[in-house]
Amino acid sequence: MPRREGPFTDLAFLAMATTPEAHTLVPASGEQLGSSRPAAPVLHDVSVMIGGQGGDGTLTVSDLLAHYFRTRGLYVYTSRNVLSRIRGGHADASMRASVEPTWSQKWKEDLVVAFDDEAARIGQNHLVSGGILLGDQGQVKVSGERVHVLPLSVTAASKVGNGLFKNTVAYGALSLIMGLDAASARAVISARFGRRGGDALERNLKAFDLGRQLALDQIGKDPLLTVEDGAAKDHILTTGNQACALGFVVGGGRFFAGYPITPATPIMEALQRYLPQFDGVVRQAEDELAAINMTMGAAYAGARAMTATSGPGLSLMTEGIGHAGEAEIPIVVVDCQRVGPSTGEPTRHEQSDLLHVVFSSHGEFPRFVLAPGDAQDTFDLTVTALNLAEKWQLPVILLLDQALSENAQTGPRFDLSRVRIDRGKLLTARDIEGMAVYKRYEFTPDGISPRAVPGTPGGEGQTTGNEHDEWGHVSVNRENRRKMMAKRMGRLELARPDLPPPRFFGDEKARIGLIGFGSTYGPIREAQRLLKKEGVATRFYQARTLWPVPVDSLQAFLESVDVAYVVEHNYMGQLKMLIQQYLPSPKLRSIRKYDGDSFFAEEIVGEVRRSGGTP
Amino acid sequence: MPRREGPFTDLAFLAMATTPEAHTLVPASGEQLGSSRPAAPVLHDVSVMIGGQGGDGTLTVSDLLAHYFRTRGLYVYTSRNVLSRIRGGHADASMRASVEPTWSQKWKEDLVVAFDDEAARIGQNHLVSGGILLGDQGQVKVSGERVHVLPLSVTAASKVGNGLFKNTVAYGALSLIMGLDAASARAVISARFGRRGGDALERNLKAFDLGRQLALDQIGKDPLLTVEDGAAKDHILTTGNQACALGFVVGGGRFFAGYPITPATPIMEALQRYLPQFDGVVRQAEDELAAINMTMGAAYAGARAMTATSGPGLSLMTEGIGHAGEAEIPIVVVDCQRVGPSTGEPTRHEQSDLLHVVFSSHGEFPRFVLAPGDAQDTFDLTVTALNLAEKWQLPVILLLDQALSENAQTGPRFDLSRVRIDRGKLLTARDIEGMAVYKRYEFTPDGISPRAVPGTPGGEGQTTGNEHDEWGHVSVNRENRRKMMAKRMGRLELARPDLPPPRFFGDEKARIGLIGFGSTYGPIREAQRLLKKEGVATRFYQARTLWPVPVDSLQAFLESVDVAYVVEHNYMGQLKMLIQQYLPSPKLRSIRKYDGDSFFAEEIVGEVRRSGGTP
Amino acid sequence: MTEHVKPVPPTWCPGCGDFGVLASIKKSLSDLKVPLEETVLIGGIGCSGGIHNFMDGYGFHSLHGRLLANAVGVKLANPKLTVIAAGGDGDGYAIGMGHFIHALKKNVSLVYVVMMNETYGLTKGQASPTAPVGYRGNVESPFDAVLTALSIPSASFIARGFSGDPKGAAQLLTEALKFNRERKGFAFVEMLSPCVTYNDTYKLWREKVQNVTSVAGYDAADRSRAFSTCLEIMEAGRIPIGMIYRAPEDRRLPSLDQTVLPTLEKAPATTDISLATNLPRYQKLVDALT
Amino acid sequence: MTEHVKPVPPTWCPGCGDFGVLASIKKSLSDLKVPLEETVLIGGIGCSGGIHNFMDGYGFHSLHGRLLANAVGVKLANPKLTVIAAGGDGDGYAIGMGHFIHALKKNVSLVYVVMMNETYGLTKGQASPTAPVGYRGNVESPFDAVLTALSIPSASFIARGFSGDPKGAAQLLTEALKFNRERKGFAFVEMLSPCVTYNDTYKLWREKVQNVTSVAGYDAADRSRAFSTCLEIMEAGRIPIGMIYRAPEDRRLPSLDQTVLPTLEKAPATTDISLATNLPRYQKLVDALT
Ligand SMILES: Cc1ncc(C[n+]2csc(CCOP(=O)(O)OP(=O)(O)O)c2C)c(N)n1
Ligand SMILES: Cc1ncc(C[n+]2csc(CCOP(=O)(O)OP(=O)(O)O)c2C)c(N)n1
Ligand code: SF4
Ligand code: SF4
Ligand SMILES: [Mg+2]
Ligand SMILES: [Mg+2]
């Protein structure tokens, strides 16, 4: 969960940025947006923050609430603010539930649960005026009219036998305070702990009941706020990582090698559960060099193969990605971006690997870079990435970011009817029998050579990262070199019709454009809604293919607007740099944030307003 | 040595390039430039190609000739065309000597020495009409008026006791054919083999005499061509790699770790000889990951430290370079570019790592990328790189390329009077005593924090690749993050006055501009001379700082011309891409070559002429 | 008949030890009648690493030091394949060291052949991790891959041959290939393969090699014994060769490929990934989401 | 007095084995009175790797797995420094494996402490290379660093401690530090350091550890003996700890730092690089060019 530190302090530092368009991210007035709304008895958009120390189980409370509201038909978005340590240190989680679609954090919290005083103090800064603070007795020192202190951990310790159950006690108390339906709230616990075995379920239900009783005894039976039910009843609550793992399975992915790294590990862990059921193999490699090279080996042998990592691992995979490019091996590399450079901030959000994934590795080779915007898009584009890699025989990089990877969001169940498997020019023994000659790297008009994998009689040949002739033998012949470069690089042009098109949102006639990729999808769409309420029409170009740069659609978009804000999470304005290399339009402006938090819709609104958004 | 394969076959493939400005590299007519000049008795610009199989010692002949002509006051440039194998396979070397300055290959060869028939056939294609071919009897089958076949290897085997001496026999024969001064030619042998010990010198001198005698007996005493003496008598014959190694020593470099890789290895090997004399240490590491991390360790401990590599190694160093950026460790990384991607063509020339060195590694951090144009410039910029790294506390990448690294060229002796050592804010114990507080990453107006190295009392502190506060402790505070990003990235702006300025050549008033970096310096300067002879005035902007992009000087340059050709060795036109990101000028045009050879001046001339060069 | 890629003539220097290794690999593949289409030869980067270009079958040229990671991927994608990784000592013991140890640990059924010449041949003769002290100024004591392989608990096939003894070498390779085709695990064969250009050790090694079987009572099934015997032979200034260690069946750990892919038929590269076949099971996964 | 960085309180879970390791390191440094400014602690990436933040002196936070390469650079730049590299088993034996073996081979006078907990603590408990079969579905047999260290001919100080036995651990560390400060070479100390959150082995290990000195006639100067004894102890289901191997002086190979930097005074980081001092010698180099 992100924190706003009073007035936005970016200003001074942004002014030092290398690109001239540095902007502040200050919404006209934060308070206006949130605090003007007193705690209403019935909310249609609520946010609850749960704070404490690492290990206090704050994520569990957020998750239970999220599932409760999902079952009530609301749109849900959760976020987290955790340190890269296992216990201790401030950590918090935030759960937003809204009747209107949401994929981003709410500007202010309506309710804060604090397991210690630090969390209470931090929480108070983010509470809407009139918001409620629920604290653990003995820990929380802050006081105030709307501060309620209950003996959460003491009750857990004395009555459930372990202070750690304080989180479920808190959930129980919340269920009363927020007017949740007790049976539904308990059902969420059953769904989560039912399969655990042992007495986990029983003890959690007990903790819930105790918490509810605590609230009843000390606060009274009337909820302090209630939340409207929503209409999105059939939605699932999922993350980009989960969507990616499922998309991989459904897209025919059968081999995955990875190395643990935040925030990419959940993809590997999900696949460890899924893949064995489908004759697939998941290996935790000894490092990322091994991971990408195992992936390449499996892809070469004919399996659909993928690896997933984050910044540091990605840097180590640089040489391998180039090898896949030269040797024409179809692999998918998922980059779950986090704060860089180097070890950076492992648990925090950023989108600063863009230019790296587009330009890294020595020499030149074709690659595609795709970026989905939400979980459903991630599911779809993972399937697409697998198809593109095999069809065009090259590495495809799927760019996620921490917020998309880890923050749970509701959305429609993944749609299997859109899934297609296209293995491209993959040869069977019979295909080869009918051919006069089989050359692994044959020159063809579309730059794609038919490919046979080991085990296929007649398909024997050489695969190599050296420059090679059509047979795959080492060659330094100049004419061959020019042709091979053109064969490989030409695909960047030829593949354009196959590449995921942008999605457009908002008013087709709007003169204000917004461009973004990845998880900014959420805050941008919500900023559009807020702006629309103020009468400002906008159109959003959600870039899903980042390389090769989709010049045509971008050009048309830029022609259609008077100003286009490129919204992204990095210092340099990397997407803007990439675009202006091809389309040096003065209409391009930059909205950037690089402090580890994801955008609030209000920040984007504020910026558009501040810079005189209306044309 | 480069080959021209009849008509330039790039055309069809260049047309498939992703950027629209694809050009062919065909000079209006190759033959006009070379073949119109019959073998003259007295040449002031001569080129000799020596071809055979790997292991035939062709490079030695080229080297002996190069030194001979150097001592005669000529400008010399050698080049090579070798395979990535130790013995066998066609290999050739070429030596050009000219009264006028040269740093590039001659369009046509005046004389070819062939140790086998393949070399003779290849050689014939590159001979100027009327050129001479000297072949080894029994090996070479081609014939013709100006083909002379002598028993080179047979004489070596029977009279020197080893067929391998055929190369020095050939040098002896050449000495007569080219009218070399026998004593000077022998002196070159003495200089080269004198220190070898054993009977190497004696046998080589004998081989020389035998060769001279063979020519005398079979061709006669009159030279077939002679070469004018030149005025550049005090020049040295050196390579970019040699210059880099020496610059490192003189610039105070005392620690080097590397891993063998073509064409960077000679830097390590030169330093293995030099550094121990200066209390320095050179380590051959177990791989490039170790090399860059050892380099970082040494730099952190206070030694001026460097590593050198080529493409594949550079890709592996990606993570380390980012770490140096975040932790603010001053290191220099030399990239001797070769043909990529992946293993590519290890022995061939390219400049395709530019965007990689500018943008690679996840996340964002400051780095400088410098590129020298010739050996003297390499010496100077290596010293500069060491100063900049320590002053600005960041990684500096020195971008060489195969031609600059390995091709020997003449030039003035390195100038020690220009050398300065600037260690920046490096603290002694006494400095620290006078300070109220010492924080390793203190915020300062220039973004540079005073730095103490281990062993300095009072300078204890934390150095880290995690995001950190001023003390070097892990921090995920948002305001701190913004300030730290601004502190680091701001240096890209603040350092501009310190960064090597471009060099300009040619006519200040010219309306035709040429832009290039690295070894294209040579062919561009020679193209300018050729164009001038045709009455076409040009001005050459030699880019020496590539990142941050020197926007001001480039802008002024672009304003001063009507058209600017960006000449570079890669497919995408990477320097042009980089420039147009900041200066999207329609004046920019691209001249590219990516077949493993370096440019001929004539190719650049042809292109300028073809595209209607004159404004 | 479809026209196919033909092996190119070896690019090695005349007399290079690698010729012997190539001949041994070819012989054992043909002795065991390994089908051409099931043969995958993965070469490293180095003179030795070009070996796949000189053979029939499927060839894969890896990055420097990464051949074992590629090989693991290939084998776990399709365990029917006979996968041989072959590279140099620089490739395997310098940049590839981590993967080497982990390959021994993972115990995937591969054959790994290291052409050991104490030098980086292709980059012109620098000291490799096995170079003796004094070679080109080397001051580090040489790495001994056999000793280290013995230290990895799952390592169950460790041999060293000498390309100067092609018959012995081919025998070891044939054993390794058999082991491999029975999916018994990782078979490591170091081949002493002199670099005649930069480090011509033919004569020296011919004098120094000592087959472990020459030691009275040597038991290749006893790990401790193998370790101490090799140490003794080395301390006597000689080089232990032969079948150094072969785990007895009752102590052999199962290979990783056998563990994760119990049947040969169902594997990542060969399983049916069509939507038609899998849709009902996919739908179940999706339906299980909440 | 200049205000300085202060150690931050450890971020480890209460009860984590790493607390014991930290205490041992601090104690041995202070017992040996190593000057603060000469102490360099290089941490890896992992829970364990944060250790430098919890100590005084010079601290360096490496990349995942690269701490030994950094440490070699530091020591060869300034051999006066006492350089301790300390990280996790994932850091050292997975991604860092190549550097680990090469550090043993290079034999630079460093102390390397591995906090061994069979898991990747910081990334939430995945199996590390030392994890037993069955831990979180692990099917690979565990790596044993002591056995492998014994296989490296230049390795001359190999010990294993248990953070549950802080006195024994501190003793081993003090020995290692002494060895190091006498520039005798690389000292490797593996510390069994349980992860109470993901793999709480305190009780198990307390039962399983067996000091090698308990074996009758154990001789820590005999490499073969050390290897076979450790194997035997392991086969009996126990974990060998203590001073496993210490090369006798007459068999100890010189450390690399001693070899390349025979005097302490003249080293890359401390030599005078001013132009004034060096110009005449530089001029000679330049004059020698032709
Ligand atoms: C990442 C990387 N680093 C360095 C190189 C350069 N290189 C090519 S071959 C080689 C060493 C080869 O030695 P070895 O593996 O022993 O093979 P040999 O030539 O001796 O058979 C090196 C370092 C490379 N290709 N890639
Ligand atoms: C290149 C890279 N890959 C992965 C990671 C993620 N990562 C952080 S800590 C860690 C493992 C830590 O395990 P270990 O070294 O055993 O330390 P422990 O936490 O158990 O003390 C990993 C994989 C990283 N930081 N960098
Ligand atoms: S250089 Fe050595 S290893 Fe390479 S081919 Fe020649 S003899 Fe063999
Ligand atoms: S997770 Fe394990 S290793 Fe990490 S601090 Fe906690 S107990 Fe220690
Ligand atoms: Mg070798
Ligand atoms: Mg661990």
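Each value, and the rule that gives it
- Residues numbered from 1 in each chain as written.
- Chains lettered and ligands numbered in written order.
- Predicted model: local features only at pLDDT ≥ 70, side-chain atom pairs only at ≥ 80, totals over all residues.
- Heavy atoms only, no water.
- Least-squares fit on C-alpha atoms with pLDDT ≥ 70 in both.
- Contact = heavy atoms within 4.5 Å.
- Pairing = 2+ DSSP bridges.
- Helix = DSSP H or I, 4+ residues; strand = E, 2+ residues; numbered from the N terminus.
- Axes fitted to C-alpha atoms, helices over the stretch in contact; angles between N-to-C directions.
- Near = heavy atom within 4 Å.
- Nonpolar A, V, L, I, M, F, W, Y, C, P; charged D, E, K, R; others polar.
- Parallel < 35°, antiparallel > 145°, perpendicular 65-115°, else oblique.
- Left-handed = near helix turned anticlockwise from the far one by under 90°.
- Salt bridge = Lys/Arg side-chain N within 4 Å of Asp/Glu carboxyl O.
- Buried < 20%, exposed > 50% of the residue type's maximum accessible area, 1.4 Å probe, protein only.
- Donors = N, O, S within 2.8 Å, 3.2 Å for Na, K, Ca; no water.
- pLDDT = per-residue confidence, 0-100.

### Here's the deal with the relation of the copies chain A and chain B
Okay, so step 1: Between the two copies, chain A and chain B, the superposition gives an RMSD of 0.0 Å; the rotation angle is 180° and the shift along the axis is 0.0 Å. What the superposition gives is, in effect, a two-fold axis relating one chain to the other.
Okay, so step 2: Most of the interface of chain A is mirrored in chain B, where 100% of its interface residues again form contacts.

### Let's talk about the sheet that holds strand β15 (residues 395–401) of chain A
Strands pair in a sheet through their backbones, by hydrogen bonds, and they do so in one of two ways: parallel or antiparallel.
Residue and element names in this part refer to chain A.
Okay, so step 1: Strands sit in the order β11-β10-β12-β13-β15-β14-β21 across an open sheet of seven strands; the sheet is mixed. The sheet terminates laterally at β11 (281–284) and β21 (545–547), the two strands that pair on one side only. On average, each strand axis in the sheet is inclined to that of its neighbour by 25°, with strand direction left out of account.
Okay, so step 2: Note that strand β14 (residues 368–370) and β21 share two bridges and pair antiparallel. Its bridge partner being in β21, leucine 370 is matched across the sheet by threonine 545.

### Some words on the site of ligand 3
Okay, so step 1: Looking at ligand 3, the residues that line it are Ile86 of chain B together with Trp12, Cys13, Cys16, Cys47, Asn117, Cys195, Val196, Thr197 and Tyr198 of chain C.
Okay, so step 2: Residue neighbours of ligand 3 fall on chains B and C, so the site bridges chains.
Okay, so step 3: Of the residues contributing to the shell around ligand 3, the split by class is eight nonpolar, two polar and no charged.

### Remarks on the packing of helix α1 (residues 18–31) of chain D against helix α6 (residues 166–181) of chain D
All names here are of chain D.
Okay, so step 1: Orientation of α1 relative to α6, taken along the N-to-C sense of each, is 45°, at an axis distance of 8 Å. With respect to α6, the element α1 is oriented oblique. When the axes of α1 and α6 are compared, the crossing they make is right-handed. Contacts from Val21, Ser24, Ile25, Lys27, Ser28 and Leu29 of α1 reach α6 at Pro166, Ala169, Ala170, Leu173, Thr174 and Leu177.

### Concerning the pattern of salt bridges
All names here are of chain C.
Okay, so step 1: Considering all chains together, one arrives at 107 salt bridges over all chains under this definition.
Okay, so step 2: The partner of glutamate 265 in a salt bridge is lysine 80, and the shortest N-O contact between them spans 3.7 Å. Linking glutamate 265 in the loop between α9 (256–260) and α10 (275–287) with lysine 80 in the loop between α2 (67–77) and β3 (82–88), this pair joins segments that are 185 residues apart in sequence.
Okay, so step 3: The exposure class assigned to glutamate 265 is exposed, which follows from its relative accessible area of 51%.

### What to know about the coordination of the magnesium ion (ligand 5)
Residue and element names in this part refer to chain C.
Okay, so step 1: For the magnesium ion (ligand 5), every protein donor is listed as Asp89 (OD), Asn117 (OD1) and Thr119 (O), and the spread of their distances is 2.1 to 2.2 Å.
Okay, so step 2: Read in sequence order, the donor residues coordinating the magnesium ion (ligand 5) give the pattern D-x27-N-x1-T. In this pair, aspartate 89 sits in helix α3 (residues 89–95) while threonine 119 sits in strand β5 (residues 119–120), placing the two residues 30 residues apart along the sequence. Neither residue differs from the other here; aspartate 89 and threonine 119 are each classed as buried.

### Focus on the confidence of the model for chain C
Okay, so step 1: When pLDDT is averaged across chain C, the result is 97; 100% of the residues are at 70 or more.
Okay, so step 2: Quick note on the complex model: pTM equals 0.96, ipTM equals 0.96.

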